[in-house]
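Next come the chains, spelled out residue by residue.
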Amino acid sequence: MDTGTVGETASPEWVGLPGGLLVMRRMLLAMWTVLLAAATGVLAALSAGPAWAGLALVWPAAAVWGWVLLGRNWRSWRYAERADDLLISRGVLWREETVVPYGRMQLVEVTSGPLERRFGLASVQLHTAAAATDAKIPGLAPAEAERLRDRLTELGEARSAGL
């Protein structure tokens, strides 16, 4: 008895996140690094002496590591629209792939906080009946987020019509 998929199956067409999300996250990293290094240097110099101000160099060293990790994390995010569901894949060490069937979607929101709006970004949040399968696609261009919301809402209504 044969089991499994027979024949060729088309692989999903993955779409990565735009570069604006990476720019925003790296800018935040640089800003926090400068603030923390300055605060650490001043506090160490005032409380323990000028020689201890070198502790402030810990923050730039951590920022270099964070810079690389942010790039790897950004590259790991992707999504694909298939005939019956939406795939969202993310993660560097632990890959996580979420499959959200269109018929199970209850709400699709587009959100954009003040910082995201400043960088021209928006996020798409998908809500389903099961809280564990809620999914989010961050850092999209607002036009793409709205297009995706409208398409997912349309497909969700069409798939759930028989329920």
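Refer to the preceding data block for the structure.
As the structure is a prediction and not an experimental result, all values here were calculated from the model.

(A) A look at the overall build of the chain. When helices and strands are tallied, the chain shows four helices and seven strands. Every one of the 163 residues in the chain was classed for burial, and the buried ones make up 29%. Residue pairs at least 24 apart in sequence account for 46% of intrachain contacts in the chain once pairs closer than 6 positions are excluded.

(B) Main features of a nonpolar patch on the surface. Together, Met-31, Trp-32, Leu-35, Leu-36 and Trp-59 make up an exposed nonpolar region whose accessible area comes to about 490 Å². Tallying contributions element by element places helix 1 (residues 19-48) first for the nonpolar patch, with four residues. Of note, Met-31 is situated in helix 1. With relative accessibility at 40%, the residue Met-31 sits in the partly exposed group.

(C) Layout of the sheet that holds strand 6 (residues 122-128). Ordered by their spatial adjacency, three strands build an open sheet running 5-6-7, and the pairing between neighbours is antiparallel. The open sheet has two free edges, formed respectively by strand 5 (105-111) and strand 7 (135-140), since each of these has just one partner strand. Neighbouring strand axes in the sheet, compared pairwise and without regard to direction, differ in orientation by 15° on average. Sheet analysis places strand 6 next to strand 7, joined by four bridges and oriented antiparallel. For Ala-122, the partnering residue across the bridge sits in strand 7 and is Leu-140. Along the sheet face, helix 4 (residues 142-159) touches strand 5, strand 6 and strand 7 and points at about 170° away from the line of strand 5.

(D) A look at the nonpolar core. Ranked by size, the top nonpolar core spans 22 residues in total, and within it Leu-86, Ile-88, Met-105, Leu-126, Ile-137, Leu-140 and Leu-152 carry the most contacts. At the level of elements, helix 1, strand 3 (85-90), strand 5, strand 6, strand 7 and helix 4 are the ones that each hand at least two residues to this core. For this core, the element with the most residues is helix 4, which contributes four residues. Those residues in contact with Ile-137 that sit more than four places away from it in its chain are Leu-17, Trp-77, Tyr-79, Leu-86, Ile-88, Ala-122, Ser-123, Val-124 and Leu-148.

(E) Just the packing of helix 1 against helix 2 (residues 58-76), in detail. One can describe the packing of helix 1 onto helix 2 by two numbers: an axis separation of 10 Å at closest approach and a directional angle of 165°. The pairing of helix 1 with helix 2 is recorded here as roughly antiparallel in orientation. In the crossing of helix 1 with helix 2, the sense of the turn from one axis to the other is right-handed. Contacts between helix 1 and helix 2 involve Gly-19, Leu-21, Leu-22, Arg-25, Arg-26, Leu-29, Thr-33, Leu-36, Ala-37 and Thr-40 on the former and, on the latter, Trp-59, Pro-60, Ala-63, Gly-66, Trp-67, Leu-70, Gly-71, Asn-73 and Trp-74.

(F) Up close: the packing of aromatic side chains. Using the criterion set out here, one finds zero aromatic pairs in the structure. Between Arg-78 and the ring centre of Trp-14, over which it is positioned, the NZ or CZ distance is 4.1 Å.

(G) Layout of helix 2. Taking 1.5 Å as the rise per residue, helix 2 with 19 residues should run 27 Å; its terminal C-alpha atoms sit 27 Å apart, in good agreement. Residues of helix 2 that are buried: Ala-63, Gly-66, Gly-71 and Ser-76.

(H) Main features of the pattern of salt bridges. The final tally for this structure, using the stated rule, is six salt bridges. Put simply, Arg-147 and Glu-81 hold a salt bridge, and the shortest N to O gap is 2.9 Å. With a gap of 66 residues between them, Arg-147 in helix 4 and Glu-81 in strand 2 (residues 78-81) connect regions that are remote in the sequence. Its relative accessible area of 33% is what places Arg-147 among the partly exposed residues. Between Asp-85 and Arg-82 there is a salt bridge, with its nearest N and O atoms 2.7 Å apart. Classification of Arg-82 as partly exposed rests on a relative accessible area of 36%. A single salt-bridge network, built from bridges that share partners, covers Glu-81, Glu-144, Arg-147 and Arg-151.

Each value, and the rule that gives it
Residues numbered from 1 in each chain as written. Predicted model: local features only at pLDDT ≥ 70, side-chain atom pairs only at ≥ 80, totals over all residues. Heavy atoms only, no water. Helix = DSSP H or I, 4+ residues; strand = E, 2+ residues; numbered from the N terminus. Buried < 20%, exposed > 50% of the residue type's maximum accessible area, 1.4 Å probe, protein only. Contact = heavy atoms within 4.5 Å. Patch = residues over 30% accessible without salt bridge, like charges linked within 9 Å, V, L, I, M, F, W, Y side chains within 5 Å. Areas by Shrake-Rupley, 256 points an atom, 1.4 Å probe, with all protein chains shown as cover. Salt bridge = Lys/Arg side-chain N within 4 Å of Asp/Glu carboxyl O. Pairing = 2+ DSSP bridges. Axes fitted to C-alpha atoms, helices over the stretch in contact; angles between N-to-C directions. Core = buried A, V, L, I, M, F, W, Y, C linked by side-chain atoms within 4.5 Å. Parallel < 35°, antiparallel > 145°, perpendicular 65-115°, else oblique. Left-handed = near helix turned anticlockwise from the far one by under 90°. Phe/Tyr/Trp six-rings, centres within 6.5 Å; stacked < 30°, edge-to-face > 60°. Lys NZ or Arg CZ within 6 Å of the ring centre and 35° of its normal. Expected span 1.5 Å × (residues − 1).

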